Amino acid sequence: MTETRMEAIFAAMRSRRPADIALISKAYKFAEEAHKSQKRFSGEPYFIHVFNTALILAELGQDAETIAAGLLHDTIEDVPVDPETIRAEFGEQVLFLVDGVTKLGKIKFLSRPGDHRVESLRKFFVAMASDIRVLVIKLADRLHNVRTLQYVSPEKRARIAMETIEVHARLAERFGMWHLKEELEDGAFQYAYPESFKRVTELLRDREREDQARLETMKVKLTEALKERGLENVEISYRMKALYSTYRKLLEKQMDLSSIYDLSALRVVVPTVEDCYKVLGIVHGLWTPLPGRVKDYVSTPKQNGYQSIHTDVFARDKSPVEIQIRTREMHIESEFGIAAHIAYSEAGKPKEGAKLNRKLHWVRQVLDWQRRVAESESHEFLENLKLDFFKHQIFVFTPKGDVIELPEGASAIDFAYAVHTKVGDMAAGAWVNGKYAGLDSVLKNGDIIEIHTRKGAKPSYGWLKFARTTNAKRKIRAGLVIHGVQQVPQP
Ligand code: MN
């Protein structure tokens, strides 16, 4: 058993250096021994949990230290093993990761929305800012806990499920790990909102069957057409929108299923960008596109870096179907986000990573490091990745817990314009962490900011002195013109 489980981890890893195998085997045996007298609520040995956490990390393409830390992540808290022992046996880095995950686990979330959520999110950000791998381990840990929620007591289960949706899934989303986000949400949904879960599942039951039959027919037809045109190496698949995302969308649309166009989609993954456009042409030759519904996020990526071409076409029975076309890199990027970048650097293929989207701030930072360490070993690249990840970037929060990313040195007025142009234009004052502060106050990582607006308030020339973002500066200038504010001559 031990052997086959360990093999499963190795098999999921993308690169298997002898030193990696040695580290993971050692961590495996250590964790198995440390947890040997503990059981999970399911009655299974506790070790099964840490094994699965490590397996998820291996599947996400994470490095050996991260997988080892996944195996060891509950030893300090639950056994307890002396941190010094971890340091001596596995080194400084593994201890750092295990310790980081242990600390994150201590942050208690209370199910009432509001301040507590902001507070826990804030602590999460500050804690993981030193090493993004801590977050990836925490999310893998949580994913396995969610998969085994049926064994937990009902009250505890509801709390964990709610927390997963409001905190963990939001973090996965923030870092582009869409696949993980959806798995976390869909696993937690039935325990967090049992009534809604039932309703949505019932609503979707017939629709799902119809959609799948329709998409299968389209898949066959498209496969044939692409082959005729000599397009090779294409993967066509179809997927239903994740359950919890569908529920959120239904809430927006007054529970009207027919107004959701992207409930299911045909996804075409091709080798090159050029192929994307070729496929688009072929698709429009086969089915009539809905006018005005082609979205080219390949040439103009979404704000969050997402790339794909989307088009809605009429299927034979006249129902609209969404078709998504993207390259393999875009696909991996959209499914795994930051985890994909760590994985690429791990596999020693920084060039693959470099081809990925450059829009996101953290991607730019990763690419920067890649340039600097282009000639060095990939473990040195990882050393760099571990340095303060958000060095020139801060994360601040709205009172509702939404995260706003700003450059270092940004002030409350930058925040106001980042929230909304109107909020900026009518800003009269700011409260930072519950205390009154000027619009010029410089923000720090983790601050919670509330902007007070006043009707009839206008932008001021003075704001340009402490606005740091181009977004705020541009909007202030535009606002000054619109509101006819005259510059007061300097004495
Ligand atoms: Mn755990």
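Undergrad: Go over the overall build of the chain with me, naming the residues and quoting the values.
TA: Scanning the chain from N- to C-terminus turns up 23 helices and ten strands. By sequence separation, contacts in the chain at least 24 residues apart represent 65% of the contacts at least 6 residues apart. When the accessible area of the chain is evaluated, it comes to approximately 23800 Å², of which 52% is carbon and sulfur surface.

Undergrad: Can you explain the coordination of the manganese ion? Please cite residues and give values.
TA: At the metal site, the manganese ion is ligated by His49 (NE2), His73 (NE2), Asp74 (OD) and Asp141 (OD), and these contacts range over 2.2 to 2.4 Å. All donors to the manganese ion come from one chain, and their sequence spacing reads H-x23-H-D-x66-D. Linking His73 in the loop between α4 (64–72) and α5 (75–78) with Asp141 in helix α9 (residues 132–147), this pair joins segments that are 68 residues apart in sequence. Accessibility classification places His73 together with Asp141 in one group, the buried group.

Undergrad: Lay out the confidence of the model for the chain with the relevant residues and their values.
TA: Summing up the model confidence of the chain, the mean pLDDT is 83 and the portion of residues at 70 or higher is 81%. Confidence drops under a pLDDT of 50 for residues 110–116, and excluding neighbours within four residues, the segment shows two contacts in the predicted structure. Note on residues 348–391: pLDDT under 50 across the span, and 83 contacts to partners over four residues away in sequence or across chains.

Undergrad: Summarise the pattern of salt bridges; cite the residues concerned and give the values.
TA: Throughout the structure, instances matching the rule amount to 23 salt bridges. Close ionic contact of Asp63 with Arg133 constitutes a salt bridge, the shortest N to O distance being 2.6 Å. A residue pair is termed long-range when its members are at least 10 positions apart, and Asp63 in the loop between α3 (47–59) and α4 and Arg133 in helix α9 qualify at 70 residues. Both residues of the pair, Asp63 and Arg133, count as buried. Between Glu84 and Arg87 there is a salt bridge whose closest N-O contact spans 3.0 Å. Here Glu84 pairs with Arg87, and both are found in helix α6 (residues 83–90), just three residues apart, close to one helical turn. Linked by salt bridges that have partners in common, Arg207, Asp211, Arg214 and Asp317 make up one network.

Undergrad: I'd love a proper account of the sheet that holds strand β3 (residues 295–296), names of residues and values included.
TA: On the basis of which strands lie adjacent, the open sheet formed by five strands has the order β1-β2-β5-β4-β3 and mixed pairing. Edge positions in the sheet fall to β1 (235–240) and β3, since each has one partner strand and no second. When strand β4 (residues 309–314) meets strand β5 (residues 320–327), the two strands line up antiparallel, connected through six bridges. Looking across to β5, one finds that Asp312 is bridged to Glu322. Its contacts with the sheet place helix α15 (residues 328–336) against β1, β2 (264–270) and β5, and it is angled at close to 105° to β5.

Undergrad: Run through the sheet that holds strand β9 (residues 435–437), naming residues and quoting values.
TA: Strands sit in the order β9-β8-β10 across an open sheet of three strands; the sheet is antiparallel. Bordering the open sheet on either side are β9 and β10 (449–453), each of which pairs with just one other strand. Direction aside, neighbouring strands of the sheet carry axes that sit 35° apart on average. Looking at chain direction, strand β8 (residues 427–432) and β9 are connected through three bridges and run antiparallel. Among the inter-strand pairings, Ala430 is bridged to a residue of β9, identified as Ala437.

Undergrad: I'd like to hear about the packing of helix α11 (residues 178–192) against helix α12 (residues 194–228), residue by residue, with values.
TA: Packing of α11 against α12 brings their axes to within 5 Å, and their N-to-C directions diverge by 115°. Two secondary-structure elements touch here, α11 through Phe189, Gln190, Tyr191 and Ala192 and α12 through Pro194, Ser196, Phe197 and Val200. For the contact of α11 with α12, the residue count by class is six nonpolar, two polar and no charged.

Undergrad: Explain unusual backbone geometry residue by residue, including any values.
TA: In the segment running from Val79 into Pro80, the intervening peptide bond is cis, with an omega of -15°. Look at Gln254: it is not a glycine, yet its phi comes out positive at around 55°. With respect to the helices and strands, Gln254 occurs in the loop between α13 (243–252) and β2. With a phi close to 60°, Met255 is a non-glycine residue in the positive phi region. Within the fold, Met255 resides in the loop between α13 and β2. Using a relative accessible area of 19% as the deciding quantity, one classes Met255 as buried.

Undergrad: Mind laying out the packing of aromatic side chains, listing which residues take part and the relevant values?
TA: On inspection of all chains with the given rule, the structure shows ten aromatic pairs. Between Phe189 and Phe197, the aromatic rings sit 5.4 Å apart at their centres with planes inclined by 85°, giving edge-to-face as the arrangement. Under the relative-accessibility criterion, Phe189 is labelled buried at 0%. An aromatic cluster is defined as three or more aromatic residues linked by ring pairs; in this entry it consists of Phe189, Tyr193, Phe197, Tyr244 and Tyr247. For Lys26, the ring lying beneath its charged end belongs to Phe90, and the centroid distance is 5.4 Å. Its guanidinium or amino end placed over the ring of Tyr46, Arg40 lies 5.8 Å from that ring's centre, counting from NZ or CZ.

Undergrad: Help me get a handle on the environment of Lys473, residues and values and all.
TA: Mapping Lys473 onto the fold places it in helix α23 (residues 470–482). Taking the C-alpha atoms as reference, Lys473 lies 8.3 Å from Asp414; in sequence the two are 59 residues apart. In contact with Lys473, other than residues within four places in its own chain, are Leu464, Ala467 and Arg468.

Undergrad: I'd like to hear about the nonpolar core, residue by residue, with values.
TA: Formed by 52 residues in total, the largest nonpolar core has its most connected members in Ile9, Ile24, Ile67, Leu71 and Met177. Ranked by size, the runner-up nonpolar core spans 24 residues in total, among them Leu226, Val268, Val313 and Ile325.

Undergrad: Any chance you could break down the packing of helix α2 (residues 18–34) against α6 for me, citing the residues and the numbers?
TA: The relative placement of two packed helices is expressed as an angle between their axes plus a distance between the axes. Between α2 and α6, the shortest axis-to-axis distance is 11 Å and the interhelical angle comes to 150°. In terms of their interaxial angle, α2 and α6 are classed as roughly antiparallel. Between α2 and α6 lies a crossing whose hand is right-handed. Two secondary-structure elements touch here, α2 through Leu23, Lys26, Ala27 and Phe30 and α6 through Thr85, Glu89 and Phe90. When the residues that make up the contact of α2 with α6 are grouped by side-chain class, the tally is four nonpolar, one polar and two charged.

What counts, and where the lines are drawn
- Residues numbered from 1 in each chain as written.
- Predicted model: local features only at pLDDT ≥ 70, side-chain atom pairs only at ≥ 80, totals over all residues.
- Heavy atoms only, no water.
- Helix = DSSP H or I, 4+ residues; strand = E, 2+ residues; numbered from the N terminus.
- Contact = heavy atoms within 4.5 Å.
- Areas by Shrake-Rupley, 256 points an atom, 1.4 Å probe, with all protein chains shown as cover.
- Donors = N, O, S within 2.8 Å, 3.2 Å for Na, K, Ca; no water.
- Buried < 20%, exposed > 50% of the residue type's maximum accessible area, 1.4 Å probe, protein only.
- pLDDT = per-residue confidence, 0-100.
- Salt bridge = Lys/Arg side-chain N within 4 Å of Asp/Glu carboxyl O.
- Pairing = 2+ DSSP bridges.
- Axes fitted to C-alpha atoms, helices over the stretch in contact; angles between N-to-C directions.
- Nonpolar A, V, L, I, M, F, W, Y, C, P; charged D, E, K, R; others polar.
- Phe/Tyr/Trp six-rings, centres within 6.5 Å; stacked < 30°, edge-to-face > 60°.
- Lys NZ or Arg CZ within 6 Å of the ring centre and 35° of its normal.
- Core = buried A, V, L, I, M, F, W, Y, C linked by side-chain atoms within 4.5 Å.
- Parallel < 35°, antiparallel > 145°, perpendicular 65-115°, else oblique.
- Left-handed = near helix turned anticlockwise from the far one by under 90°.

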